[in-house]
Amino acid sequence: MSTHIAAAPGQIAPVVLFPGDPLRAKWIAENFLEGAELYSEVRGMLGFTGTWQGHRVSVQGSGMGQPSMSIYANELFQDYDVQAVVRVGSCGALTEKVGMRDIIIANGACTDSGINRIRFHGQDYAPVADFSLLRRAVEASERMDLEHAVHVGLLFSSDQFYSTRPELTEPFVQHGALAVEMETSALYTLAVYYGRRALSICTVSDHLVTHEETTALEREQSFGDMVRIALEAATAG
């Protein structure tokens, strides 16, 4: 058993959906997985395993931010031999090119975090998605009749939700960042380190330009399109 997940060997599937919100993990398990069983509730960070269209799939809450997410990603890869993780998260749009509830499939992530700089001795590293998962997610989205647009592009993984220097985000927007969240950069880095696959699919829950926003309940229970895309991508092939 790992320190923070504490599931028994074999309880976690090789494929894991990875929302930040543990209640979104519960909602996904109850609404998308058959026969879902709770394998962890340590610190309230819920994890479930069930099946989707005959494929064994787990869903595990990760918490907010790269430090919290990294704890769970390390344990999934190292202690449970998870082969693929697909983050299904929320994000804040940084440009009017992206609308509320649009879906962003992240081909890469930039960051203001020091986590990778410590890992790479002060040098910059470019965290990118696993291409097979990325391609499958795009193909899945193209097959679906979706109400909102799907974008493939960069996320900005920030260490601060309440930033005191919002102007520092502007150069990232000028260089292609579509939205801000708090996990993807570290997730992509860890997946490569362990020789595994990772992808982030995020739904725009609030807009930093237009100042629109969703409620906590909407963020928890109404982002089903990205979950369907994630399941299709993670279980294809």
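The structure under discussion appears in the preceding block.
Bear in mind the structure is a predicted one, so any value in this text is a computation, not a measurement.

Undergrad: Give a detailed account of the packing of helix H1 (residues 22-32) against helix H8 (residues 224-235), specifying residues and quantitative values.
TA: Packing of H1 against H8 leaves a shortest axis separation of 12 Å and a crossing angle of 70°. Comparing the axis directions of H1 and H8 gives the class roughly perpendicular. Our pair here, H1 against H8, has a crossing hand that is right-handed. Between H1 and H8, the residues in contact are Arg24, Trp27, Ile28 and Phe32 and Gly224, Met226, Val227, Arg228 and Leu231, respectively. A per-class count over the contact of H1 with H8 returns six nonpolar, one polar and two charged.

Undergrad: Please give an account of the packing of helix H2 (residues 66-80) against helix H6 (residues 184-194) that cites residues and values.
TA: Remark: H2 packs on H6, axes separated minimally by 9 Å, with the N-to-C direction vectors making an angle of 25°. In this view, H2 runs roughly parallel relative to H6, as classed from their interaxial angle. Note on packing geometry: the crossing formed by H2 with H6 is right-handed. Residues Gln66, Met69, Ser70, Ala73, Asn74, Phe77 and Gln78 of H2 form the contact with H6, whose own contacting residues are Ser185, Ala186, Leu187, Leu190, Ala191 and Tyr194. For the contact of H2 with H6, the residue count by class is eight nonpolar, five polar and no charged.

Undergrad: Provide a residue-level description of the pattern of salt bridges, including the pertinent values.
TA: Evaluated as defined, the whole model comprises nine salt bridges. Its salt-bridge partner being Glu30, residue Lys26 comes within 2.7 Å of it at the nearest N-O pair. Residue Lys26 and its partner Glu30 are both found in helix H1; the two are separated by four residues, about one turn of the helix. The salt bridge involving Arg165 is made with Glu167; its shortest N-O contact spans 2.3 Å.

Undergrad: I'd like a description of unusual backbone geometry, backed by residues and values.
TA: For Ala6, which is not glycine, the phi dihedral falls at a positive 60°. Counting through the fold element by element, Ala6 comes out in the segment before strand E1 (15-17). The class for Ala6 is partly exposed, based on a relative accessible area of 24%.

What counts and what doesn't
- Residues numbered from 1 in each chain as written.
- Predicted model: local features only at pLDDT ≥ 70, side-chain atom pairs only at ≥ 80, totals over all residues.
- Heavy atoms only, no water.
- Axes fitted to C-alpha atoms, helices over the stretch in contact; angles between N-to-C directions.
- Helix = DSSP H or I, 4+ residues; strand = E, 2+ residues; numbered from the N terminus.
- Parallel < 35°, antiparallel > 145°, perpendicular 65-115°, else oblique.
- Left-handed = near helix turned anticlockwise from the far one by under 90°.
- Contact = heavy atoms within 4.5 Å.
- Nonpolar A, V, L, I, M, F, W, Y, C, P; charged D, E, K, R; others polar.
- Salt bridge = Lys/Arg side-chain N within 4 Å of Asp/Glu carboxyl O.
- Buried < 20%, exposed > 50% of the residue type's maximum accessible area, 1.4 Å probe, protein only.

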